[in-house]
Structure formats: C-alpha cells, structure tokens
Amino acid sequence: MALTSEVVSTSPFSGQKPGTSGLRKPTSTFITPNYTENFVQSTLAAIGDKLAGADLVVGGDGRYFMRQAVHIIIQIAAANGVRKLIIGQNGLLSTPAVSCLIRKRQACGGIILTASHNPGGPNGDFGIKYNTSNGGPAPENITNKIYEISEKITEYKLCRGIEVDLGLIKTSEFKVDGKPFIVEIVDCVEDYLGLMKEIFDFGAIKKLLDSGLKVVINSMHGVMGPYVKRTFHQELQVPLESCLNCDPSEDFGGHHPDPNLTYAADLVELMKKGTYGFGAAFDGDGDRNMLLGENAFFVNPSDSVAVISANASCIPYFKKNPVQGLARSMPTSGAMDRVASIDGMTLFEVPTGWKFFGNLMDAGRLSICGEESFGTGSNHIREKDGLWAVLAWLSILASRGQTMEQVLQEHWKKYGRNFFTRWDFEGVPDEPATKWMDNLRDMVSKDKVKELVGRSFTKGSKTFTIAQADDYRYTDPIEHRLTLKQGIRLIFDDGSRAIFRLSGTSSSGKTVRMYIDSFESDQSKYGMDSQDALRPLVEIALEVSQFKEFTGIEKPTVIT
Ligand code: G16
C-alpha cells in the first residue's frame, strides 16, 4: 500500500525528562493531544542518522493507553524512515522480552510502553522508555538528548493511513513516501522462552516439580500472564490454578503491580498456609520479582542475587559463559560483596538504574547483577528479568536438593548475613521533600561534613559512629562518564550504611527512600527479623536526616 506522510505542527511540553527508567507521568498527561507524539518524535530524532532504514522493537505491559500509543509509534516511525517495527501481539511484550528481541533481531533499539510497577488505568500512570541496540535502557547522554529535543520541538512527522491489526501474528508491508515500511506482529513469548530454554535445564526443573515442590506464580494482572502460562503450565506442567492473575488488564485489576510485601500481600498470605513451597510475583512489565519460600519465608532481593551469584554453577548458561564479575546498585546490601570477596570475583557498585550495568556487560566484565528494588538479572539480556530469577532459583533448589530457607541459612553460614531494609515514603509533597534532600546535601557538603563525621549514637547496647558521609557519585569504568547526586550515604564505623534518595520513578509527588544495610557475623543472630535487627540504625537514620521535622511524616507506606 502506497502512503504519504505529513508534518504536524506542535509546541513543547515541559518536563519530558526521562527519570530512573524512562518517562513516567500520569496517564492523563500522556493522553493530552500531542504529548505522546512529541515524546516519540523526540526519541526517534535522538537516534539520529541510525534511524533511516532501522528496525525497532515495540511492546508494553498492557496498561491503559498502550494500544493507542503503539498506533502512534507506528504512524510516527513510518513517517521517519524506520524500515521495520517488530511488535508483540496485541502490543504486549515484557521488558525482558523486548531486550531479548532487540538483541536477537539485531534491531537498532526498542520502545517499551510501561510505567513498570506504578498503577495503571485512566487515573494511574503511563510510561515510555527507549532501549538501545544492546537491548538495555538508554544511557543518560541519550535520554538527555531526547529531553533537549523535546524542549524545542516544533513539529512531528506522521503517516495517518497505516492500519495494522495488532491481534494478528502477521507481517504487513507498506510504501511510505516511496520507501518500504514493514510491521511484523510476533508472538510475545516465543523468542524469550527459547532463550530461557538455552539458559536453564528445563528437564531438571521439571523433575524438581514432579518430586513434589508445589509452586505458585502471581502475574499481578501484568504482562507476565502469557509468559507464565506458557513456561509454567505448558512447559513445566504446573496446574493452571497455581498460575494466578494471568490475564493482563489495563488497570492491573485495580491493584498496584508491585511485587513486594505490601502490594503482593495476598501471595504472602497464601504462602503462609504452607501448601506451596515456592511462590513468586512479578511487576507490570515483568522485570521485577519477589520470591517466597515455604510458610512465606521472604528472600530479600539483595540476598537473592548474592545466592544466585554463589550458585551460578547450578545454571547451565554459566558453565558455558563463566561468571566474569558481579554488580549491585549502591543502595543494595553488601551481601553480594561477601560472595565476591570470598569466591574471588570482581564486584562493581553502580547508581540505581539498570542502565548502569549495560556498559560493564558489553565490555565483558559483568555477568550477574541485581538491585534491592526486586531486580535480578544477568548478561543474557540487558534488562532485569523476573522470570529468569525464578528459573535461576528453581535450578538452585533442583541442584542442591534444599528448600529456599535451607539455601539461605547455608549461605549466611558461609558468607555472613547482611540485614537490609528499605523504607518508602510515597506521595510526599514536592516542597518538603526537596527541602529535606537539599538539607541532607548541605549536611554532607565539604564545609559541613566535619560536623557529621565522628558523631556517635548509642542505642541499647550498641554504639554507631559516622565514619563517612557523602553524596554518592559514580564514574563509569568503561566510558569514564561521571554521574553525580546519586544518594546521600552515612557510612558507620562497622561498615553499616544508611542511604537516602528521592525515587526517579514516581510520577507525581515525591517518593522518599531510606535504605539500611548492616553486616552481622554472629551466627546466633542470623535468625533475627531484619526490622528488629536494624531498629537502632533506622532510629539513627531518621534522627540524623530529620525526616519527620521536614515533612511531618512519621510512618512509611512500604517497608521491605
Ligand atoms: C527502575 C530501574 C531500577 C531501579 C528502580 C527503582 O525499575 O530500572 O534500576 O532500581 O526503577 O528506582 P527508583 O528508586 O529511582 O524509584 P522499574 O522496574 O521501575 O523499571
């Protein structure tokens, strides 16, 4: 079909600045006429010369407005000289599946339509994220370029005549302005599942499940439904009734698709009944995971990635691709550091944001990485991968013949235990949150930091002295790019840390995050509840940061 594109006049919207992971705003903002068009055009313009004749992967988590956004991308991409779009059926693709497809098809990049774990629907959030040709989230030099273009945009190009049925797996060819334009609708699971089968021994996992381990997987009405049904029900013969909430819904069934102890509390309650020995939940776009053992034994994400690192030999992929290095985000607990130091591996610490792992992986220096924010992954793709984490754990259980709790107990015995907690204060009004952060920055500034360092706090029988305080900065070891202002750190004389950040993924108001990490080598304390173990440090962190004084808020919304 021969079609012509047109140029539409527009004017810039302020604030189209991608955060920790893409642009996330209320859905009502994205629906504003020209808002999505402007951002998509700015993203394509930022790709520059590489765009002409390029292939792009497009998909999202099924939330409200996703289908319309896919149609907008089709029309704008066609008019901007893109050669081909590879789109998941019905517009659905998990974030890890987009990364997998970009790499497999050697695409120029991909556009992911998701606000991840943020609620969806007309009153929820929407998001758009650009991933580059390595399959990973665009680094800051590219997201800054997108932002700069969006601030000056005066027009976008569009080809209105293109009609594509997203529901049909089929390839359609068009001629736009005399050039070929192809839209390929693909099965959203197939390529990704193929990759999982190359990485893991599905036979060994099936044997474990056949031997009596009962698993329950909660897709939280996000994109993971089809992936869970195909992987667990069809391949591993897990009963369908153990695959929960597998129907992707535009508002995630009215829930918050965030797999943590608060928003996936129903899974926690179910696991407490003792019927299941393994439970997992994913977020809206399938890159985050929460793991629970028998009787709702919670595996902290910082521990999870440390255990996977220490047991990489249980996963066939790492036999073929030996582990080159480990990495964690700065606020993630030091559990992985113990594995790196005892097992003789290199460890990298990077700022929060999966994009910081990509360079290290591309340079062949990093194999396994993770974040406290329920993100776990490896160099098989360039995104965190919830289903990969679940299969990694099942491989470990199959190989070790132990329960999750037993694996953790043995791990702590060998490496020691890092107690970790994150307190989230969601919906803090902009002004007090910003003032609070500015004050913290001032407290750790060159002139003032002397007043902090050396201050001691006694809580019960323990005394903690601040040994270092700063605003975390990072120099990428590959490209030597400097990233500033990544979180205020108080580091105590025993190595314990208290960290404060403003989230880069909230769409309105501010989400304040406080992280506490403390190493314990006394085996008699390994069984303690982390909130009990960390209470003194939590109190000190709240006191030093003066959070309540600045915001008037006493209680967190989510505790992990
Ligand atoms: C994104 C990033 C993660 C980050 C998380 C939380 O995850 O990819 O690297 O840890 O946000 O970031 P923040 O603390 O700034 O809210 P997702 O799953 O939301 O895409």
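With an unreviewed UniProt entry as reference, the chain is termed phosphoglucomutase (alpha-D-glucose-1,6-bisphosphate-dependent), source organism Strongylocentrotus purpuratus. Regarding the chain, the relevant UniProt record gives this comment under Subcellular location (unreviewed entry): "Cytoplasm". Its UniProt record gives the chain the following Sequence similarities (unreviewed entry) comment, quoted word for word: "Belongs to the phosphohexose mutase family."

Asks: How should the packing of helix H6 (residues 190-199) against helix H8 (residues 224-235) be read in this particular structure?
Replies: Describing two packed helices takes the angle between their axes plus the distance from one axis to the other. As a packed pair, H6 and H8 sit with axes 10 Å apart at the nearest point and diverge in direction by 50 degrees. As far as their axial angle goes, H8 and H6 are oblique. Crossing angle aside, the handedness with which H6 passes H8 is right-handed. Residue-level contacts link Glu-190, Tyr-192, Leu-193 and Lys-197 of H6 to Tyr-227, Arg-230, Thr-231 and Glu-235 of H8.

Asks: Sorry, what's going on with the sheet that holds strand E20 (residues 417-428) here?
Replies: Where strands meet in a sheet, backbone hydrogen bonds hold them as pairs that are either parallel or antiparallel. On the basis of which strands lie adjacent, the open sheet formed by seven strands has the order E21-E22-E25-E26-E27-E20-E28 and antiparallel pairing. Because the sheet does not close on itself, it has two edges, and the strands there are strand E21 (456-459) and strand E28 (558-559). Sheet topology places strand E22 (residues 462-471) next to strand E25 (residues 488-492); five bridges connect them, and they run antiparallel. When the bridges of E25 are listed, Ala-469 appears paired with Leu-490.

Asks: I tried to follow unusual backbone geometry on my own but got confused; where do I start?
Replies: Negative phi characterises most residues that are not glycine, and trans characterises most peptide bonds. Positive phi values are uncommon outside glycine, yet Ser-116 reaches one of about 55 degrees. With respect to the secondary-structure elements, Ser-116 resides in the loop between strand E6 (109-113) and strand E7 (125-131). Taking the relative accessible area as the measure of exposure, Ser-116 reaches 3% and is therefore buried.

Asks: Mind showing me how you'd approach the site of the ligand here?
Replies: Near the ligand you find 19 residues, and of these Glu-371, Ser-503, Gly-504, Thr-505 and Arg-513 are the closest. Between the ligand and Glu-371, the relevant distance is 2.5 Å, taken from an oxygen atom to a side-chain nitrogen or oxygen of the residue. A distance of 2.7 Å separates an oxygen atom of the ligand from a polar side-chain atom of Ser-373. Contact with the protein chains hides 99% of the accessible area of the ligand, taken as 460 Å² for the molecule alone. Tallied by class, residues from the shell around the ligand come to one nonpolar, 10 polar and eight charged.

Asks: Got a minute to help me understand the UniProt feature "domain: Alpha-D-phosphohexomutase alpha/beta/alpha" (unreviewed entry) in the chain in this structure?
Replies: According to UniProt, the "domain: Alpha-D-phosphohexomutase alpha/beta/alpha" (unreviewed entry) feature falls on residues 16-156, 191-292 and 302-415. In this annotation, residues 16-156 is assigned 39% helix and 23% strand; the end-to-end C-alpha distance for the span is 15 Å. Secondary structure across residues 191-292 comprises 37% helix and 15% strand; the distance between its end C-alpha atoms is 28 Å.

Asks: Would you take a moment to explain helix H5 (residues 140-152) for this structure?
Replies: An α-helix turns once per 3.6 residues; consequently, residues spaced three or four apart project the same way. Taking 1.5 Å of rise per residue, 13 residues should cover 18 Å, and H5 covers 19 Å from first to last C-alpha, within 8% of that figure. Those residues of H5 that fall on the buried side of the exposure criterion are Thr-143, Ile-146 and Ser-150. The arc that holds every buried residue of H5, seen down its axis, measures 55 degrees, which confines them to one face. Those residues of H5 hidden inside the fold are in contact with helix H2 (35-47) and E7.

Asks: Whenever I open this one, the environment of Lys-555 confuses me. Can you help?
Replies: Assignment of secondary structure puts Lys-555 in the loop between helix H19 (547-551) and E28. It is 9.1 Å that separates the C-alpha atoms of Lys-555 and Trp-423, two residues lying 132 residues apart in sequence.

Asks: Just checking my understanding: could you explain the nonpolar core for this structure?
Replies: Taken as a class, soluble globular proteins show a tendency for nonpolar side chains to be buried jointly. Counting 120 residues, the largest nonpolar core has Phe-181, Phe-232 and Trp-393 as the members making the most contacts within it. Leaving out residues up to four positions away in the same chain, Phe-181 has contacts with Ile-74, Ala-77, Ala-78, Val-82, Arg-83, Leu-85, Ile-162, Ser-172, Glu-173, Phe-174 and Val-176. Grouped together as the second largest cluster of nonpolar side chains are 31 residues, Ala-433, Val-444, Phe-500 and Phe-547 included.

Asks: When you look at the side chain of Ser-172 in this model, what are you seeing that I'm missing?
Replies: Tracing the chain through its elements places Ser-172 in strand E9 (residues 171-176). Contacts of Ser-172, omitting those with residues within four sequence positions, involve Phe-181, Ile-182 and Val-183.

Asks: Hey, could you run me through helix H3 (residues 66-79) in this one?
Replies: Over its 14 residues, H3 runs 20 Å from end to end, which matches the ideal 20 Å to within 8%, given 1.5 Å per residue. Among the 14 residues that make up H3, 11 are buried, leaving the element largely enclosed by the rest of the structure. Taken together, the buried positions of H3 are Met-66, Ala-69, Val-70, Ile-72, Ile-73, Ile-74, Gln-75, Ile-76, Ala-77, Ala-78 and Ala-79. Looking one or two residues beyond H3, the residue adopting positive phi is Gly-81, at roughly 85 degrees.

Asks: What is the right way to look at the packing of aromatic side chains in this model?
Replies: The description of two aromatic rings rests on the distance between their centres and on the angle between their planes. Across all of its chains, the model carries 15 aromatic pairs by this definition. Taking 5.1 Å as the distance between ring centres and 85 degrees as the angle between the ring planes, the aromatic pair formed by Tyr-317 and Phe-318 counts as edge-to-face. In this structure Tyr-317 comes out as buried when scored by relative accessible area, which is 14%. With relative accessibility at 6%, the residue Phe-318 sits in the buried group. Clustering of aromatic rings is evident, with ring pairs tying together Phe-13, Phe-30, Tyr-35, Phe-65 and Phe-126.

Asks: Any chance you could explain the pairing of E22 here in plain terms?
Replies: Looking along a regular strand, one sees the side chains alternate between the two faces of the sheet. Examined bridge by bridge, E21 and E22 share four bridges and lie antiparallel to one another. Paired with Lys-459 across the two strands is Lys-462, which belongs to E22. From the end of E21 to the start of E22, which pair antiparallel, there are two residues, and Gly-460 there has a positive phi angle of about 60 degrees.

Asks: Even after reading the chapter, I still don't get the pattern of salt bridges, so can you show me in this structure?
Replies: A side chain with one charge can pair with a side chain of the opposite charge if their charged atoms come near. Summed over all chains, the structure comprises 36 salt bridges. Residue Asp-287 is joined to Lys-384 by a salt bridge in which the shortest nitrogen-to-oxygen separation is 3.7 Å. One end of the pair, Asp-287, is in the loop between strand E13 (278-282) and strand E14 (289-293); the other, Lys-384, is in the loop between strand E19 (375-378) and helix H14 (386-400), and 97 residues separate them in sequence. You'll find Asp-287 and Lys-384 in the same group, each marked buried. Between Glu-431 and Lys-435 there is a salt bridge; the shortest N-O distance is 2.9 Å. Within this pair, Glu-431 and its partner Lys-435 are both found in helix H16 (residues 430-443), separated by four residues, close to a single helical turn. Given a relative accessible area of 48%, Lys-435 falls into the partly exposed group. Salt bridges linked by common partners bring Arg-328, Asp-337, Glu-349, Asp-470, Arg-489, Arg-497 and Asp-517 together as one network.

About the cut-offs
Residues numbered from 1 in each chain as written. Predicted model: local features only at pLDDT ≥ 70, side-chain atom pairs only at ≥ 80, totals over all residues. Heavy atoms only, no water. UniProt positions renumbered as here; feature names shortened; annotations may be inferred. Axes fitted to C-alpha atoms, helices over the stretch in contact; angles between N-to-C directions. Helix = DSSP H or I, 4+ residues; strand = E, 2+ residues; numbered from the N terminus. Parallel < 35°, antiparallel > 145°, perpendicular 65-115°, else oblique. Left-handed = near helix turned anticlockwise from the far one by under 90°. Contact = heavy atoms within 4.5 Å. Pairing = 2+ DSSP bridges. Buried < 20%, exposed > 50% of the residue type's maximum accessible area, 1.4 Å probe, protein only. Near = heavy atom within 4 Å. Polar contact = N/O pair within 3.5 Å; in protein donor to acceptor, adjacent residues only side chain to side chain. Areas by Shrake-Rupley, 256 points an atom, 1.4 Å probe, with all protein chains shown as cover. Nonpolar A, V, L, I, M, F, W, Y, C, P; charged D, E, K, R; others polar. Expected span 1.5 Å × (residues − 1). Arc of directions from axis to C-beta. Core = buried A, V, L, I, M, F, W, Y, C linked by side-chain atoms within 4.5 Å. Phe/Tyr/Trp six-rings, centres within 6.5 Å; stacked < 30°, edge-to-face > 60°. Salt bridge = Lys/Arg side-chain N within 4 Å of Asp/Glu carboxyl O.

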